[in-house]
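Structural characterization, general
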Amino acid sequence: MLKDYLDIKPEVAAALKAGKPVVALESTIISHGMPYPRNVETALQVEEIIRDKGATPATIAILQGKLKVGLSREEIEYLGQSQTIAKASRRDIPFLVARQADGATTVASTMIIAALAGIKVFATGGIGGVHRGAQQTFDISADLQELARTNVAVVCAGAKSILDIGLTLEYLETHGVPVVGFGTEEMPAFYTRKSGFAIDYRADSAAELAAAIKAKWDLGLQGGIVVANPIPEEYQMDYPLITRAIEEAVEEAEAKGIAGKETTPFLLAKVKEITKGDSLEANIQLVYSNARVAAQLALELAKK
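All values derive from a computational prediction rather than experimental measurement.

1. Some words on the environment of Val226
- Tracing the backbone through its elements, the reader meets Val226 in strand S11 (residues 225-228).
- Accessibility expressed as a relative area gives 0% for Val226, which makes it buried.
- Separated by 19 residues in sequence, Val226 and Ala245 place their C-alpha atoms 26 Å apart.
- Val226 has contacts with Ile127, Leu147, Val154, Cys156, Leu172, Val177, Pro178, Val179 and Val180, leaving out every residue within four places of it along the chain.

Written as structure tokens, this is what we have:
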């Protein structure tokens, strides 16, 4: 039975039962995305931003085999400090559950658990995608397949700029996943507002977004939607600088034979090192911005 696996925090359960807005949050950003204590500080601040906007935050993780929807401060601290937390995508969930182990959820697994709990909106930093050189490696994030099958709207700052953004958009198009620019007609590239790749739809308000999302799911068109929200202009990084940093990080990863689920954490850490920490600050600010948009979207969807 699902209830044997799912552990929903009372605050979140009450909001869902009352039809109030709830925003899901991932936990890989806590365990694998940022150094301690900035990871914990950011996670707690994101929850506060969502509450201030009138929604309920639900940070998601797997702890002692339970699918946790909504975490305590102590659990967030644990995720932020432990060195033994697995990075959990779709394929990992049954094994972590069966072994009563701990896992930090990626975009894909957060979407799955959010959908099981009945949460429609999820805020993250950036989605995974098609990695550079995937023509040879076939390294494509499970996030993209999850977006094709699971009914959750994902608010992000586009695809991580360490990826091949053009191929990521092609993959999403093939699988019928709408990519909507929030106040933009260009796919944002995580650290920067521009990527050079146009997207098909633009929405300038959360109400406009909510209407399209409701229509999609009312029509039985299964799958998620990517809400591409550019990093605030004052926090975006210099495009040539970040491009050079990413190229250098990719070259080093290839030279060291780093692949699979280790690739993204390595590249993000390397870019942070090259940019002397500026990329971490940009990452934090774009997550805050995505949380605000996600809360507004959740409020609008709750009205429908």
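2. Quick look at helix H9 (residues 165-174)
- Of the residues making up H9, those classed as buried are Ile165, Gly166, Thr168, Leu169 and Leu172. Down the axis of H9, the buried side of the element spans an arc of 160°, and every buried residue falls inside it.
- One side-chain oxygen at the N-terminal end of H9 lies 3.3 Å from the backbone nitrogen of Gly166; it belongs to Asp164.
- Gly176 occupies a position one or two residues after H9 and carries a positive phi of about 70°.

3. Here we look at helix H4 (residues 73-81)
- Turning to H4, its buried residues number three or more, namely Ile76, Leu79 and Gly80. In an axial view of H4, the angular spread of the buried residues amounts to 100°, which keeps them on one side of the axis.
- Elements that come into contact with the buried residues of H4 comprise helix H2 (28-31), helix H3 (38-52) and strand S3 (56-63).

4. Observations concerning the nonpolar core
- Membership of the largest hydrophobic core comes to 104 residues, with the highest contact counts inside it found for Val23, Val69, Ile119, Ile127, Leu147 and Leu297.
- When residues in this core are grouped by element, the largest group, 13 residues, is from helix H13 (residues 278-302).
- Those residues in contact with Val69 that sit more than four places away from it in its chain are Leu6, Asp7, Ile8, Lys9, Val12, Ala58, Thr59, Ile60, Ile113, Ala117 and Ile119.

5. A look at the environment of Ala269
- Within the fold, Ala269 resides in helix H12 (residues 263-274).
- Assessed through its relative accessible area of 46%, Ala269 is described here as partly exposed.
- In sequence terms Ala269 and Gly33 are 236 residues apart; their C-alpha atoms lie 8.2 Å from each other.

6. Considerations on the pairing of strand S4 (residues 66-69)
- Alignment of strand S1 (residues 6-8) against S4, held across three bridges, turns out to be parallel. Of the residues in S4, the one forming a bridge with Leu6 is Leu67.
- Of the pairings in the sheet, the one linking S3 to S4 comprises four bridges and is antiparallel in character. Residue Leu63 lies in a different strand from S4, and its bridge partner there is Lys66.
- Where S3 folds back on S4, the antiparallel hairpin that results is connected by two residues, among which Gln64 adopts a positive phi of roughly 50°.

7. Description of the packing of aromatic side chains
- In the structure shown here, the tally under the stated rule is one aromatic pair.
- Both rings, one in Phe190 and one in Tyr191, keep their centres 4.8 Å apart while their planes meet at 75°; by these two values the pair is edge-to-face. We note that Phe190, like Tyr191, is buried.

8. Let's talk about the packing of helix H10 (residues 206-218) against H13
- Two numbers describe how H10 lies on H13: the axes approach to 8 Å, and their chain directions differ by 55°. Accordingly, the angle class assigned to the pair H10 and H13 is oblique. With respect to the hand of their crossing, H10 and H13 are arranged in right-handed fashion. Residue-level contacts link Ala206, Ala207, Leu209, Ala210 and Ile213 of H10 to Gln296, Leu297, Glu300 and Leu301 of H13.
- In terms of residue class, the contact of H10 with H13 is made up of seven nonpolar, one polar and one charged.

9. Some words on the pattern of salt bridges
- The tally for this structure, following the rule as stated, stands at 16 salt bridges.
- Ionic pairing is found between Arg38 and Glu281, a salt bridge with its closest N-O pair at 2.8 Å. Of the two residues, Arg38 is situated in helix H3 and Glu281 in helix H13; the sequence distance between them amounts to 243 residues.
- The partner of Lys68 in a salt bridge is Glu75, with the nearest N and O atoms 3.1 Å apart.
- When salt bridges that share partners are traced, they join Lys9, Glu11, Glu47 and Arg51 into one network.

10. Remarks on the environment of Ala134
- Mapped onto the fold, Ala134 is located in helix H7 (residues 134-137).
- The spacing of Ala134 and Glu186 is 52 residues in sequence and 23 Å in space, taken between C-alpha atoms.
- The residues touching Ala134, leaving out its near neighbours within four places in the chain, are Asp139 and Ile140.

Conventions used here
Each chain carries its own residue numbering, running from 1 in the written order of its sequence. Totals for whole chains, interfaces and linings use all residues, but because this is a predicted model, local features are given only for residues with pLDDT of at least 70 and pairs of side-chain atoms are given and counted only at 80 or more. Hydrogens and waters are ignored; side-chain quantities use all the structure's heavy atoms. Strands here are runs of E lasting at least two residues and helices are runs of H or I lasting at least four, both read from the DSSP assignment and numbered beginning at the N terminus. The rule is simple: take the accessible area with a 1.4 Å probe, protein chains only, and divide by the maximum for that residue type; under 20% is buried, over 50% is exposed, in between is partly exposed. By definition in these notes, contact holds between two residues if any of their heavy atoms fall within 4.5 Å. Within this analysis, the arc is defined by the directions that extend from the helix axis to the C-beta atoms. N or O atoms closer than or at 3.5 Å make up a polar contact, with two conditions inside protein: a donor-capable atom paired with an acceptor-capable one, and, for residues adjacent in sequence, both atoms drawn from side chains. Residues belong to one nonpolar core when they are buried, are Ala, Val, Leu, Ile, Met, Phe, Trp, Tyr or Cys, and are joined through side-chain atoms within 4.5 Å. For two strands to pair, DSSP has to find at least two bridges joining them. Pairing of aromatic rings covers Phe, Tyr and the six-membered ring of Trp, with a centre-to-centre limit of 6.5 Å; geometry is then stacked below 30 degrees between planes, edge-to-face above 60, and tilted otherwise. Lines fitted to C-alpha atoms define the axes, with helix axes restricted to the stretch in contact, and inter-axis angles between N-to-C directions lie between 0 and 180 degrees. Angles below 35 degrees are treated as roughly parallel, those above 145 as roughly antiparallel, those between 65 and 115 as roughly perpendicular, and all remaining angles as oblique. We call a crossing left-handed when the near helix sits turned anticlockwise from the far one by less than a right angle, and right-handed when that turn is clockwise. Gly counts as polar in this scheme, as do all residues outside two lists: the nonpolar Ala, Val, Leu, Ile, Met, Phe, Trp, Tyr, Cys and Pro, and the charged Asp, Glu, Lys and Arg. In what follows, salt bridge is the name for a side-chain nitrogen of Lys or Arg lying within 4 Å of a carboxyl oxygen of Asp or Glu.

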